[in-house]
Amino acid sequence: MSKEPYNYPFIHDVGKYEKITKIGHGTFGEVFKARNRISKEFVALKRVLLGNEKEGFPITSLREIKILRALKHDNIVRLQEICRSKGTPQSRKRGSIYLVFEFCAHDLAGLLQNPQVKFNLSEIKRMMKHLLSGLFYIHSNKVLHRDLKAANVLVTRDGVLKLADFGLARVYSRKEKTHCFTNRVVTLWYRAPELLLGCRDYGPAIDMWAIGCIMAEFWTRSAIMQGNSETNQLTLITQLCGSITPEVYPDVDKLDLFKKFDLPASQKRRVKERLSHYVRDRHALDLIDRCLTIDPAKRIDSDSALNHDFFWSDPLPASKISCLSRLNVSMFEFLIDRKTTNPQHRPEQSQMSQQPGYDRVF
Amino acid sequence: MAVPTEFSGVVLSLENTIYPDEKLQETPSQLDGLSKEMETNLRIAGCEYIQAAGILLKLPQVAMATAQVLYQRYYYSKSFVKYNYEICAMACIFLAAKIEEHPRRIRDVVNVFYHIRRKLNELPNKVMDYMSNEYFHKKSEVIKAERRVLKELGFCVHVKHPHKCIVTYLKILECNDNTELIQKAWNYMNDSLRTDVFMRYTPETIACACIYLSARQLGIGLPSNPPWYEVFDATTKEMEVYLLIVSVIDSVDMLIYQVKYVVDIIAS
């Protein structure tokens, strides 16, 4: 193969890494923990599924590669390189493409599901600050993440948070007034009301909604609105954030699905009231409340969120997270799901039916 | 295959890859015994194919431009003798359409190339049979070629184009009202996609050269002491080489005119 003199080694064989264990799985493909055979450095290998691609190399992976190459930030997971594996003719296996990422020890969902992991207020502030700094960076680079959830936030051993999985991300521009994006993005539990109502012209505010959900999870320890269908999710949102009416969200009657859903009317907004049992800090409550604003135009943006009193009042964000250095095992949601006897299954993109129909609103 | 110790630095860049001179001099195709003229022709023919197909597929010009750069780059790693230029052109336009966020069905890409080929051979129009082995075979060839292009270019497939630079520079030079100048510079830029200048120079230099050529032709004076283009990081030497390359475009073979003719029919 490498006999040709002009075969520049632009892309290496994945054999330079030694696969250790599988740490994630989803519609996007599989993720493995692996180690560079020479430098002994750990990495995460994400395999791009090519098997049943009728339309060639998936456009979502092309976007992910482009976006991750352009983005360089401490709170964004770093794409180190791209590798490939060769297909073997005997087993009729086709070759694959792997994205090689820096390795992070935990994901946020895994950490929060572990009762031994405890964070104090100043540590939560630090983590939220990282999360919002990363998001501010991608938004100012005109990228929407579109799949923020606790499982897509990675945490290093040193307690640095990194946004990961840009498989649904895409570039938007403020100039183009009429976008025609798909509204079938973001895992149901983190999906903003405008998306659920069929909005196709959305912006960075959808990521801020998800941030609000994730922030509350630092205290509640599990997702705050676990709907089992779009209608159910909207009902849960209404019960927490109040009825969705043209008074609170002026353009809502222009959305396709607004009239099709029969949503509970005259519900009061009870975000602070319901969450106050968990979240004692009033600044924290206020920030969550502003993220979970029904009208995307009035929802707080990442820059204002970073300037919120939450980050500028005592106790200030911590400089390190003490309990993480004591953890010797990686906490990944994927691994926890398999270990627990009663797995709390999280809905994937567009397949959300197995959930029992309980209304879980804190 | 030896495993290099360091991470490959080339991979992690969104900048255009500039190839060293020696790589441009001895191409894989010429090492396989293909003549230089024939290679130039195949390069131009492939680019014209891409342009024609792009118009039929109603793609924006930027998709064609990206596809043409990918096509050119690919054949500095692989030989025309071993890899069919038509299949590669199909793969490049198919991939570039996705990169530039205007994805097209692979079926349409295959069909459009089929149509152009029939036109070139002066055969009557006919839609490809989607049940035929020929179609099935072409489709899987294109998908394989797409992956080869990605692999060979190390996924450095996001091309920066000088179009934007041209507009900005003309604004700085206070010539942005001269539509004739803009159009001419634009045309030069699209023509130079058929050559290897995108492997030699940065988009900024190419933009300067296009403006320089157009201004000279239209007799428009631009600051010369010091030369205006030095502000935009282009050197006099680079500009001279560029002019030489572009002049080659005017003297190429019948092949292009044949394809150009088809493009004209399609466009009209």
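Predicted, not measured: the structure shown is a model, and the values here were computed from it. (Residues numbered from 1 in each chain as written. Chains lettered and ligands numbered in written order. Predicted model: local features only at pLDDT ≥ 70, side-chain atom pairs only at ≥ 80, totals over all residues. Heavy atoms only, no water.)

## A look at the overall build of chain A
1) Next: From N to C terminus, chain A includes eleven helices and eleven strands.
2) Next: Burial status across chain A gives 59% buried among its 362 residues.
3) Next: Of the contacts formed within chain A by residues at least 6 apart in sequence, a portion of 68% connects residues at least 24 apart.
4) Next: Entry remark: accessible area of chain A is about 16,200 Å², with carbon and sulfur atoms responsible for 51%. (Helix = DSSP H or I, 4+ residues; strand = E, 2+ residues; numbered from the N terminus. Buried < 20%, exposed > 50% of the residue type's maximum accessible area, 1.4 Å probe, protein only. Contact = heavy atoms within 4.5 Å. Areas by Shrake-Rupley, 256 points an atom, 1.4 Å probe, with all protein chains shown as cover.)

## Details of empty space enclosed by the protein
1) Next: Under the definition given, this model contains two cavities of 30 Å³ or more.
2) Next: Of the voids in this model, the largest cavity is the one considered here, and its volume is about 40 Å³.
3) Next: Lining the largest cavity, in full, are Ile59(A), Leu62(A), Arg63(A), Lys66(A), Lys98(B), Ile99(B), Glu101(B) and His158(B).
4) Next: Mapped by element, the contributors of at least two residues to the lining of the largest cavity are α1 (59–70) of chain A together with α5 (85–99) of chain B.
5) Next: Ranked by residue count, the leading element in the lining of the largest cavity is α1(A), at four residues.
6) Next: In terms of residue class, the lining of the largest cavity is built from three nonpolar, one polar and four charged. (1 Å grid on protein atoms, 1.4 Å probe; cavity = no way out; pocket = protein on both sides within 12 Å on 5 of 7 lines; lining within 4 Å. Points joined across faces, edges and corners; volume = space filled by probe spheres on them. Nonpolar A, V, L, I, M, F, W, Y, C, P; charged D, E, K, R; others polar.)

## Comments concerning the packing of α5(B) against helix α7 (residues 133–152) of chain B
Each pair of packed helices gets described by two things: the angle between the helix axes and the distance between those axes.
All names here are of chain B.
1) Next: Where α5 contacts α7, the axes come no closer than 8 Å and their chain directions differ by 70°. Between α5 and α7, the angle falls in the class roughly perpendicular. In this structure, α5 crosses over α7, and the sense of that crossing is right-handed. Where α5 approaches α7, its residues Ile87, Met90, Ala91, Cys92, Phe94, Leu95 and Lys98 are matched on the opposing element by Lys138, Glu141, Val142, Ala145, Glu146, Val149 and Leu150.
2) Next: In the contact of α5 with α7, the residues fall into ten nonpolar, no polar and four charged. (Axes fitted to C-alpha atoms, helices over the stretch in contact; angles between N-to-C directions. Parallel < 35°, antiparallel > 145°, perpendicular 65-115°, else oblique. Left-handed = near helix turned anticlockwise from the far one by under 90°.)

## Some points on the confidence of the model for chain B
1) Next: Confidence along chain B averages 79 in pLDDT terms, with 82% of residues attaining 70 or more.
2) Next: Note that pLDDT drops below 50 for residues 251–255 of chain B; the model gives that stretch six contacts with residues more than four away or on any other chain. (pLDDT = per-residue confidence, 0-100.)

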